[in-house]
Protein chains: 2
Amino acid sequence: MQTEISQLLSDTVIALFQANGKLLEWGDAFTAPYGLTSARWQILGAIALASHQLTAPQIAEQMGVSRQGAQKQLNLLLEDGLLEKLPNPSHLRSPLYRLSTQGSALFERVNQAWQVHAAKSGAAFTEQALATTLHTLRLIAQLHEMPPQGEHDET
Amino acid sequence: MQTEISQLLSDTVIALFQANGKLLEWGDAFTAPYGLTSARWQILGAIALASHQLTAPQIAEQMGVSRQGAQKQLNLLLEDGLLEKLPNPSHLRSPLYRLSTQGSALFERVNQAWQVHAAKSGAAFTEQALATTLHTLRLIAQLHEMPPQGEHDET
DNA sequence: CCAACAATGAAAACCAGTTGTCAATTATTC
DNA sequence: GAATAATTGACAACTGGTTTTCATTGTTGG
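Note that residues are indexed from 1 along each chain, following the sequence as it is written. Whichever chain is written first becomes A and whichever ligand is written first becomes 1, with later ones labelled in order. A pLDDT threshold of at least 70 governs which residues receive local features in this predicted model, and a stricter bar of 80 or more applies before side-chain atom pairs are shown or counted, although totals over entire chains, interfaces and linings include all residues. The side-chain figures draw on all heavy atoms in the structure; neither hydrogens nor water molecules are used.

- An unreviewed UniProt entry annotates chain A as DNA-binding MarR family transcriptional regulator originating from Aquitalea magnusonii.

Next comes the structure, spelled out in C-alpha cells:
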C-alpha cells in the first residue's frame, strides 16, 4: 500500500542522494582554485570552527566519520602544511591539531567566498522552507541512526 | 555579513551530508539480509522502475553517476546473476540490461520491505514538510549543478 | 564507400571513505 | 601498584566512486 507520504519520502531520499552528489562535485570545483577538495575543506572547517584545539578522534566524532578516515586526511593536511600538531599535555600519543598560519589564511579566503555564495543563493529560498528542510533532514538522519556496534565506543 | 538565511543554508548543507551518510549506512544494513548493498539496490531500482530496458550509459545517466561507475556495478550484478544482458538490436556493443528472474524476485522482496519502512517512518513527517523538503532539495541540487564539461556528453 | 568522429566497454590509477588488526599509551579497577 | 581494559595512531585491505586511456563499434559527411 503506497501511501502519499511514503511515496513522498521515497522521492525525498532520492532527491537527497542527488543533491549530495551535486554538492560534493560543486564543492570540489569551488575549492579547487584554493588547492583544496570538499573533504579537505570540511576538515579545515571542523578545526577552524571548534572552540578549542581538537585531537584526531574528536575531529572524527565531530564530522561523523570514522577515526581512521579523519586521521588519513589529517596526515595529508599536515604534509601540506595547512595544519600543525601541538603536543597534547594530557596525552603523549594523541596530539592536538590546529590550523597553521598558512592553513588559517587559506580557510579564511575559502570561507569568505563561501559566505558570498551562501548569501547569494540563499535568495532562492524562504527562511521558512530552509528551516523546515533543516528540521526534516535532521529527522531523517535520526530515524536512520544505526545502533552503534562500532569498535567499542558505546557502553 | 552572515545573514540568517545564509547561516540556515550552511546548516542545511551540513545536515544534508549527515543524513546522506546515515541513509547509506542504514541502506547497507537494510539490504544486507538480501545479500545487497545500498549501491546494488540503487541500480536494481533504477532498472526495475524504468519503463523499458536500459543500456549502461542510460542507467548511469538516470542515477547521476559516471558511466564507468555504473558499469562496474552492472558487471558485478551480472556475475551475481541478478541481471541479464539482452542483445541490443540497435547496438552490437551496448547490451540492454534487465533484472533476471532471480533479481526480479529479490528486488520485489526488498522493495516490499522498504515500502513497509517508508509507510512506518512516514508517520514522523507531515506531508507539507516532506513536500517542502523535496522541493528545497531539488532546488539545492539545481543551484549547484555543474557546467557539464564531461567527456563529450552534452552538446 | 570511406574517413573522421562519437559512443561504448574495459582496465588502470586514483580519491575518500570503511573495517580490521596491531602495538603503544592511557585509564580503570582491584 | 599491577593487571586489565579502553584509546589512539599506523597500516593494510576493501568498497564505491572518480578520471584517464585505449581498442572497438556506430554514425555521419564528403
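1. Focus on the packing of helix 6 (residues 127-143) of chain A against helix 6 (residues 127-143) of chain B
Part 1 of the argument: Here, axes are lines fitted to C-alpha atoms. For helices the fit covers the stretch in contact, and angles between N-to-C directions go from 0 to 180 degrees. Each helix is a run of H or I in the DSSP string that is no shorter than four residues. Each strand is a run of E no shorter than two, and both are numbered from the N terminus. Running from N to C, helix 6 of chain A and helix 6 of chain B point in directions that differ by 105°, and their axes come no closer than 9 Å. Between helix 6 of chain A and helix 6 of chain B, the angle falls in the class roughly perpendicular. Contacts from A:Ala129, A:Leu130, A:Thr132, A:Thr133, A:Thr136 and A:Leu137 of helix 6 of chain A reach helix 6 of chain B at B:Ala129, B:Leu130, B:Thr132, B:Thr133, B:Thr136 and B:Leu137.
Part 2 of the argument: Ten residues, namely Ala, Val, Leu, Ile, Met, Phe, Trp, Tyr, Cys and Pro, are considered nonpolar, four, namely Asp, Glu, Lys and Arg, are considered charged, and the remaining ones, Gly among them, are considered polar. For the contact of helix 6 of chain A with helix 6 of chain B, the per-class residue count stands at six nonpolar, six polar and no charged. Angles below 35 degrees are treated as roughly parallel, those above 145 as roughly antiparallel, those between 65 and 115 as roughly perpendicular, and all remaining angles as oblique. Contacts are assigned to residue pairs that have any heavy atoms within 4.5 Å of one another.

2. A closer look at the protein's contact with DNA strand C
Part 1 of the argument: The full set close to DNA strand C counts 22 residues, and A:Ser66, A:Lys72, A:Leu92, B:Arg67 and B:Arg93 are the nearest of them.
Part 2 of the argument: Pairs of N or O atoms are called polar contacts if they sit within 3.5 Å, as long as, within protein, a hydrogen donor faces a hydrogen acceptor (for residues adjacent in sequence, only side-chain-to-side-chain pairs). A:Ser66 places a side-chain nitrogen or oxygen 2.6 Å from a phosphate oxygen of DNA strand C.
Part 3 of the argument: The side chain of B:Gln71 places a nitrogen or oxygen atom 3.2 Å from a phosphate oxygen of DNA strand C.
Part 4 of the argument: Among the secondary structure elements, those contributing two or more residues to the surface near DNA strand C are helix 4 (67-79) and strand 3 (91-99) of chain A together with helix 3 (56-63), helix 4 (67-79) and strand 3 (91-99) of chain B.
Part 5 of the argument: Partitioned by chemical class, the residues of the surface near DNA strand C number six nonpolar, twelve polar and four charged. Residues are classed as near a molecule or strand on a simple rule: at least one heavy atom within 4 Å of it.

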